Amino acid sequence: MQQVKQEPAGTDKIIRAGDLQVGVIDDGGDGLPLVLVHGGESDRTQFTRLRSYLGPEIRAISYDQRDSGVTVNPPEPYTMETLADDLVDLLDALGLQRANLLGTSFGGALVQHTAIRHPDRVDSIILVCTTPSWALCPDRIDELLEMSHEDRQQALKDLFLTPEGQARLGDRAEKVLTYRDPAKSERRHAAMRGHEARDRLEDIKAPTLIVHGTDDLIAPYSGALYMQEHIPNAQLRTIEGGRHALALEFAEEVAGYVREFLGVTTA
């Protein structure tokens, strides 16, 4: 019988970071700091399953971006660059001069911009099921963003998980999608549509791990190959048949790649 991993609770708190009140889940301890950066429609709770496999040698920290979870921010437009600066404000608030960053989907785009804008604050980056440019995403993404929250939850099932994953995980993929009011969603989607990093990928100096599924129809696999080719010191780990919710369905495999990349080898 397969052992079920106990999911760590971490310390859930709200801290002042720059001009924002930010929701944070911090596992604490003396492990390597790894900031987990959630996707466009999720929040700080997205990584519950992944962090259960990371181990005590890694201090996993997840947080709510603007217009997400319990974070409080002004009702003003922002860009990916704004969100990258927010992430550095979070590091300051946590007393971290440098950290490793892991981002999924939208969060992976945010991590790219952070590594470009603030190279002195980044030890390494891990890009999971993400893209170097909004322009590389299929047209269906616009259709998904225009849906109601409930319709989007249903439509994303097949895009997030394989049939085997759906059978095993039930409605967990739907639950990582959090409701936002229309104004918050509009600001998030505007920032997402402004993502373009292809012309700056060579400026990323941090060691980079890319983890991507071959059957990702939201952030196509070709984008992962592009990042591998254009980011110096990048390595790619491919999950055959994997779709968009790799950090959920393939949490153990992704965590294994992360631990290996960060040099954490003990069980």
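Residues numbered from 1 in each chain as written. Predicted model: local features only at pLDDT ≥ 70, side-chain atom pairs only at ≥ 80, totals over all residues. Heavy atoms only, no water.

Observations regarding the sheet that holds strand β6 (residues 122-128)
As summarised here, the arrangement of the eight strands in space is β1-β2-β4-β3-β5-β6-β7-β8, forming an open sheet in which the pairing is mixed. Strands with a single pairing partner mark the edges of an open sheet, and in this sheet they are β1 (11-17) and β8 (234-239). Here the average twist between neighbouring strands, direction ignored, is 25°. Alignment of strand β2 (residues 20-26) against strand β4 (residues 58-63), held across three bridges, turns out to be antiparallel. In the sheet register, isoleucine 25 faces β4, and the bridge partner there is serine 62. Lying on the sheet, helix α2 (residues 80-94) is in contact with β1, β2, β3 (32-37), β4 and β5 (99-104); it crosses β1 at an angle near 110°. On top of the sheet, helix α10 (residues 221-230) reaches β6, β7 (208-213) and β8; it is set at about 160° to β8, its chief contact. (Pairing = 2+ DSSP bridges. Helix = DSSP H or I, 4+ residues; strand = E, 2+ residues; numbered from the N terminus. Axes fitted to C-alpha atoms, helices over the stretch in contact; angles between N-to-C directions. Contact = heavy atoms within 4.5 Å.)

Observations regarding the pairing of β6
Most of β6 sits inside the fold, with six of its seven residues counted as buried. Across six bridges, the pairing between β5 and β6 is parallel. Its bridge partner lying in β6, leucine 101 is registered against isoleucine 125. Handedness of the crossover joining β5 and β6 through helix α3 (residues 106-117) is recorded here as right-handed. (Buried < 20%, exposed > 50% of the residue type's maximum accessible area, 1.4 Å probe, protein only. Right-handed = clockwise from strand over helix to strand, strands pointing away.)

Remarks on unusual backbone geometry
Positive phi is not limited to glycine here, since serine 105 has a value of about 55°. Its relative accessible area of 22% is what places serine 105 among the partly exposed residues. Its identity is not glycine, yet asparagine 233 carries a phi of approximately 60°, on the positive side. Note on placement: asparagine 233 falls in the loop between α10 and β8.

Here we look at the confidence of the model for the chain
The predicted model of the chain has a mean per-residue pLDDT of 92, with 96% of residues at 70 or higher. Low pLDDT, under 50, characterises residues 1-8; the predicted model gives this stretch eleven contacts beyond four residues in sequence or across chains. (pLDDT = per-residue confidence, 0-100.)

Notes on helix α9 (residues 182-193)
In a regular helix each residue adds 1.5 Å, so twelve residues correspond to 16 Å; α9 covers 16 Å between its end C-alpha atoms and thus fits that length. The complete set of buried residues in α9 reads Ser185, Arg187, Arg188, His189, Ala191 and Met192. Packed against the buried residues of α9 are α2, α3, α4 (140-145) and α5 (149-155). Its side-chain oxygen at 3.1 Å from the backbone nitrogen of alanine 183, aspartate 181 defines the N-terminal cap of α9. (Expected span 1.5 Å × (residues − 1). Polar contact = N/O pair within 3.5 Å; in protein donor to acceptor, adjacent residues only side chain to side chain.)

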